[in-house]
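Here's the letter readout for the chains.
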Amino acid sequence: MTNSLYDTLLGARAHSDAPLLHLPDGATLSYSDMAGRVAHLSGYLRAAGLEKGDRLAMQCPKSPQALALYLACLHSGVIFLPLNTSYTPDEIAYFVQDASPKILVTGPAAADALRDVARDAGATLLTLGADEQGSLTDALTSAQPAPDAVACSADDLACFLYTSGTTGRSKGAMLTQGNLLSNALTLTDTWAFTADDVLLHALPIFHAHGLFVACNVVMNAGGAMIWLPGFSTEAVLDALPRATTMMGVPTFYTRLLDEPRFTRDLAGHMRLFTSGSAPLLAETHDQFSARTGQAILERYGMTETGMNTSNPYDGERRAGTVGFPLTGVELRVMDQSGQEVAQGETGMIEVRGPNVFKGYWQMPEKTAEELRADGFFITGDLGQIDSDSYVTIVGREKDIIISGGYNIYPKEVEQLLDAQPGVKESAVIGVPHADFGEGVVAVLVAEGTASPDMEAIKATVKAKLANFKRPKEYIILEALPRNTMGKVQKKALRTDYADIFQTLDHSMSRAGE
Ligand code: MCA
Ligand code: AMP
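My aim in this report is to walk through the structure given alongside it, one point at a time. None of the values given here were measured: they were computed from a predicted structure.

## Comments concerning the overall build of the protein
Reasoning step 1: In terms of helices and strands, the protein carries 15 helices and 25 strands.
Reasoning step 2: In summary, the protein has a C-alpha radius of gyration of 23 Å against a globular reference of 24 Å for 513 residues, a match within 12%.
Reasoning step 3: Considering only C-alpha atoms, the protein reaches an extent of 70 × 55 × 50 Å along its principal axes.
Reasoning step 4: Pairs at least 24 residues apart make up 66% of the contacts formed inside the protein by residues separated by at least 6 positions.

Below you can see the structure in the form of structure tokens.
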């Protein structure tokens, strides 16, 4: 048995001097440089007692070292659990208690805040900085290297990615080596990636989009990445002439379009822009085409499934649609009684294929609720298929907000708000936001007649929740709108406050201002 995923991404090019990462300081890291670092790190992990199937959690700033740690986990058969760098220590505590990693790696600056969290979960805390700082840094070059990748089969677990749950409890989606490999191979082919490609990488690497879709595809093709620490319009505009491709969330594209420097000429060297993680407005698609002469290729995926559909590379990239199921992926649209709807009708999207995850870590009931016995995964997205077979996402049945490509489960925010002094109840909604697509708004009902202490509430929210989950606006109402069954009518709230991010200076009585 070999380790097909590691061999495909890096092992096959372990001695190649071809560039892998172009770094902001002008340095370049080749495939062989990366393979060397990975062998050292993998040796370190094995000497530390990590075995195949053990977990390693990482909440580190984006850096080549962080990418090396991901690859070292694949090399050792250790399950890699990347965590959003915005998560607070309270949020991290949940993930490490749930996944029980043997090692938690963090940036040096966050080490003090996470020491107790690691200790309580029985994990060893190590640090790895973006700037050659941290207790793991020496291991990158001086630990006894592990000679061979640990043999793994397609069914072995490669990564856990946590996705929030409707009950507010996050679920660890278990992704196998086979899931990641199938998506990497299919997307490389579908999007015609080759060793000549240079991907402008401005996404975070703690989610499927930046790590699996971007890095795995480029490495499978033998291409290179311009490695930015995050998205900055200036840095992206500077780098565009050296790149051939970019993957982004819609916010990347609206921000670029806001910049007059972003012209057809500047984008002229690019062969492909892809968008995903959130709906791309047809208007953005059209503006982009008018500005650059290029059509953004929109695709659709999920943490649990990787990528499911894509607009064609050759052929019409239809604005407002997410294209066709990828090779090997089956997609069907179902009604509430479990029957497939007629073509053109709206229903629940279900998908099946080698990309679909194995289940939620230690949550068999949740797994059974969402993953059917016949292998179809119930996505929670509502869609339809038109007469040309293009799939369109028309809405979501699951109560999530997608802001700048990050998912927020209202329940999690509501539970925190409901527990605050002076708050009787709350409803958290997403409404249109020009930059983030959707922005989070909290509607509160006060207990009694006095207004709650909004400064205290905001301080608690800041301490407990990652920045992208925090409401950007608070509204106080006397009562939440409810239907005759007593259910809160979020749709009515979304309509009432649809313009709130456009009318911030207007008369509405908003709390905390
Ligand atoms: C930052 N803020 C946000 C977000 N990001 N608020 C809401 N939504 C966000 N996404 C907060 C900041 O903390 C700050 O708050 C304020 O908004 C302004 O920050 P700004 O500097 O403008 O933000 P930024 O640092 O430039 O980040 C925006 C971003 C970033 C570049 C769009 O969020 C991003 O990289 N998103 C990509 C997400 C992603 O990769 N998703 C893939 C998930 P304050 O002023 O209070 O401090 S994988 C997935 O969905 C599936 C599998 C798929 O299909 O791909
Ligand atoms: P997650 O896996 O938690 O990051 O989020 C996946 C969700 O993002 C999907 O279930 C969709 O609701 C949404 N999503 C991803 N790509 C698209 C897209 N191109 N258009 C609309 N929604 C998308």
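Let's pick the thread back up.
## Here we look at empty space enclosed by the protein
Reasoning step 1: Evaluated as defined, the whole model comprises one cavity of 30 Å³ or more.
Reasoning step 2: The volume enclosed by the largest cavity comes to roughly 110 Å³.
Reasoning step 3: What lines the largest cavity is a set of 13 residues, among which Leu-180, Asn-183, Phe-212, Gly-306 and Met-307 lie closest to the centre.
Reasoning step 4: Secondary structure elements with two or more residues in the lining of the largest cavity: α7 (177–190), α8 (208–221) and β14 (306–310).
Reasoning step 5: Here the lining of the largest cavity is composed, by residue class, of six nonpolar, seven polar and no charged.

## Re the sheet that holds strand β23 (residues 423–433)
Hydrogen bonds along the backbone pair up the strands of a sheet, which may run parallel or antiparallel.
Reasoning step 1: Read from one edge of the open sheet, three strands run β23-β24-β25, paired in mixed fashion. The sheet terminates laterally at β23 and β25 (473–477), the two strands that pair on one side only. Mean inter-strand twist for the sheet, computed between neighbouring axes without regard to direction, equals 25°.
Reasoning step 2: As paired strands, β23 and strand β24 (residues 437–446) are joined by ten bridges and run antiparallel to one another. By the bridge assignment, Ile-429 is partnered in β24 with Val-441.
Reasoning step 3: Running over the sheet, helix α13 (residues 410–418) touches β23, β24 and β25 and is turned about 145° from β23.
Reasoning step 4: Contacting β23, β24 and β25, helix α14 (residues 454–464) crosses the sheet at an angle of about 135° to β25.

## A closer look at the site of ligand 1
Reasoning step 1: What surrounds ligand 1 is a group of 24 residues, the closest being Arg-255, Ser-277, Arg-299, Ser-403 and Asn-467.
Reasoning step 2: Within the contact set of ligand 1, an oxygen atom lies 2.6 Å away from a side-chain nitrogen or oxygen of Ser-277.
Reasoning step 3: For ligand 1, the protein covers 72% of the area, taking 1,000 Å² as the surface of the free molecule.

## Some remarks on the site of ligand 2
Reasoning step 1: If you check the shell around ligand 2, you find 16 residues, and the closest are Arg-299, Thr-303, Asp-381, Lys-398 and Asn-407.
Reasoning step 2: Take Ser-277: an N or O atom from its main chain is 3.2 Å from a nitrogen atom of ligand 2.
Reasoning step 3: Within the side chain of Lys-398, a nitrogen or oxygen atom sits 2.6 Å from an oxygen atom of ligand 2.
Reasoning step 4: Where the shell around ligand 2 is concerned, the elements lending two or more residues are β13 (297–302) and β20 (391–396).
Reasoning step 5: Broken down by element, the residue count for the shell around ligand 2 peaks at five residues, all from β13.

## Looking at the nonpolar core
Reasoning step 1: Met-34, Leu-56, Leu-67, Tyr-70, Leu-71, Val-105 and Met-225 are the most contacted members of the largest nonpolar core, which totals 108 residues.
Reasoning step 2: Sorting elements by how many residues they give to this core places α8 first, with ten residues.
Reasoning step 3: Once residues lying within four places of it in the same chain are set aside, the contact partners of Met-34 are Leu-10, Leu-20, Leu-21, Leu-29, Pro-64, Leu-67, Ala-68 and Leu-71.
Reasoning step 4: Judged by nonpolar contacts, the second largest core, of 39 residues, contains Leu-114, Val-413, Val-423 and Val-440.

## Thoughts on the sheet that holds β14
Reasoning step 1: Taken together, nine strands build an open sheet; the order of strands is β2-β1-β10-β9-β11-β12-β13-β14-β15 and the sheet is mixed. A strand with exactly one partner marks an edge of an open sheet, and here the two such strands are β2 (28–30) and β15 (324–325).
Reasoning step 2: One ladder, built from three bridges, connects strand β1 (residues 19–22) with β2; its direction is antiparallel. By the bridge assignment for β2, Pro-19 is matched with Ser-30.

## A short note on α7
Reasoning step 1: With 14 residues, α7 extends 20 Å from end C-alpha to end C-alpha; this agrees with the ideal 20 Å at 1.5 Å per step.
Reasoning step 2: For α7, every residue scored as buried is listed here: Gln-177, Gly-178, Asn-179, Leu-180, Leu-181, Ser-182, Asn-183, Ala-184, Thr-186, Leu-187 and Thr-188.
Reasoning step 3: Tucked inside the fold, the buried residues of α7 contact α1 (4–9), α3 (64–76), β7 (157–163), β8 (171–176), α8 and β14.

Each value, and the rule that gives it
As a convention, each chain's residues are numbered from 1 in the sequence order in which they are written. Naming scheme: in the order in which they are written, chains are lettered from A and ligands are numbered from 1. Only residues with pLDDT of at least 70 are given local features in this predicted model, and only at 80 or more are side-chain atom pairs given and counted; all residues enter the totals for whole chains, interfaces and linings. Heavy atoms from the whole structure form the basis of all side-chain values; hydrogens and water molecules are not counted. By definition, any uninterrupted DSSP run of H or I lasting at least four residues is a helix, any uninterrupted run of E lasting at least two residues is a strand, and each is numbered from the N terminus. Throughout, radius of gyration means the C-alpha value; the globule benchmark is 2.2 Å times the number of residues raised to the power 0.38. By definition in these notes, contact holds between two residues if any of their heavy atoms fall within 4.5 Å. Both cavities and pockets are sets of points on a 1 Å grid over the protein atoms alone; in a cavity a 1.4 Å probe fits but cannot get out, in a pocket the set is open with protein on both sides within 12 Å along at least five of seven lines, and lining residues sit with an atom within 4 Å of a point. Grid points are joined across faces, edges and corners, and a volume is the space filled by probe spheres set on the points. In the scheme used here, Gly and all other residues not listed as nonpolar or charged are polar, with Ala, Val, Leu, Ile, Met, Phe, Trp, Tyr, Cys and Pro taken as nonpolar and Asp, Glu, Lys and Arg as charged. Pairing between two strands requires that DSSP report at least two bridges joining them. Between the N-to-C directions of two axes lies an angle of 0 to 180 degrees, each axis being a line fitted to C-alpha atoms and, for a helix, fitted only over the stretch in contact. Being near a molecule or strand, for a residue, comes down to having at least one heavy atom within 4 Å of it. Residues adjacent in sequence count toward polar contacts only when both atoms are side-chain atoms; beyond that, a polar contact is any pair of N or O atoms within 3.5 Å, and within protein one must be able to donate a hydrogen and the other to accept it. For the accessible areas, the method is Shrake-Rupley and the probe is 1.4 Å, while residue cover comes only from the protein chains on display. Put simply, buried Ala, Val, Leu, Ile, Met, Phe, Trp, Tyr and Cys residues joined by side-chain atoms within 4.5 Å make one nonpolar core. Here the term buried applies to any residue with accessible area under 20% of the maximum for its type, exposed to any over 50%, and partly exposed to those in between, with areas from a 1.4 Å probe on protein chains only. A helix is expected to span 1.5 Å for every residue after the first.

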